Amino acid sequence: MNDSLNAAQTDMRFAYCSGAAGMLASSLIWLASAAAVVFASAQQALWVLLIGGMFIHPLGVVIAKLAGRPGNHSKGNPLAGLAYASTFWLIFSLPLAFAAAQLRIEWFFPAMLLVIGGRYLVFSSLFGMRLFWFCGLALAGAGFVLGQFAAAPLYGALAGGVIELIFALVIFVQDKKAAQQTTFGLRNFQVQDS
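Given the structure is predicted, the values throughout are model-derived calculations rather than measurements.

Visitor: So, the overall build of the protein: which residues are in play, and what are the values?
Guide: The helix and strand tally for the protein stands at eight helices and zero strands. Along the protein, helices and strands appear, N-terminal first, in the series α-α-α-α-α-α-α-α. Relative to a compact globule of 194 residues, whose C-alpha radius of gyration would be 16 Å, the protein shows 17 Å and is just as compact. Residue burial in the protein is summarised as follows: out of 194 residues, 47% are buried. Of the contacts made within the protein by residues no fewer than 6 positions apart, 81% connect residues no fewer than 24 positions apart. Entry remark: accessible area of the protein is about 10,100 Å², with carbon and sulfur atoms responsible for 68%.

Visitor: Before we move on, could you go through the pattern of salt bridges and cite the residues and values that matter?
Guide: This structure, assessed with the given rule, holds two salt bridges. For D175, the salt bridge goes to R69, with nearest N and O atoms at 2.7 Å. Of this pair, D175 sits in helix 8 (residues 153-181) while R69 sits in the loop between helix 4 (56-66) and helix 5 (80-103), and the two are 106 residues apart along the sequence.

Visitor: Give a description of the environment of A179 that names residues and reports values.
Guide: Within the secondary structure, A179 sits in helix 8. Overall, the relative accessible area of 31% leaves A179 in the partly exposed class. Taking the C-alpha atoms as reference points, A179 and C135, separated by 44 residues in sequence, lie 22 Å from one another.

The rules behind each value
- Residues numbered from 1 in each chain as written.
- Predicted model: local features only at pLDDT ≥ 70, side-chain atom pairs only at ≥ 80, totals over all residues.
- Heavy atoms only, no water.
- Helix = DSSP H or I, 4+ residues; strand = E, 2+ residues; numbered from the N terminus.
- Rg over C-alpha atoms; globule rule 2.2 N^0.38 Å.
- Buried < 20%, exposed > 50% of the residue type's maximum accessible area, 1.4 Å probe, protein only.
- Contact = heavy atoms within 4.5 Å.
- Areas by Shrake-Rupley, 256 points an atom, 1.4 Å probe, with all protein chains shown as cover.
- Salt bridge = Lys/Arg side-chain N within 4 Å of Asp/Glu carboxyl O.

Structure below.
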């Protein structure tokens, strides 16, 4: 089973630049939301993050393809279900963040940081990389602290964008080193019975 899990995680890392492509896309949406706070309003920034979030995966696929990766995992990869489940969990959590914003707009971005941070903890299993634990905890920690102090929405949007950008760059570097040291090449991934 361990070999099968390692093969599935290797396939995910190969397809999505070890998750850095999607994380970079997400950081760009967070930063666009921060810009909306500055140039429009916190309410419009909320919508930039919510609507822009629908484009994270497609944008991540484009980034992966620009990096020479397929942007999709192999058919039959057993971790696909976990990826989809974490996406649905994210979608189901959005109404909570939206409800928090209706009470106090300053709570929206911290709530989203907590939700996204929790999702990155799952990515540790998807990609087989402990670094996602640090990213998830950094995002959730920022969300908790900013929420406690009811920080201005700009700080929450910037925290999400900057934290994800830093981790995306670190993961891209690690992914490039890993690609040079080994051949990912699992495009015909098959689930093998033990």
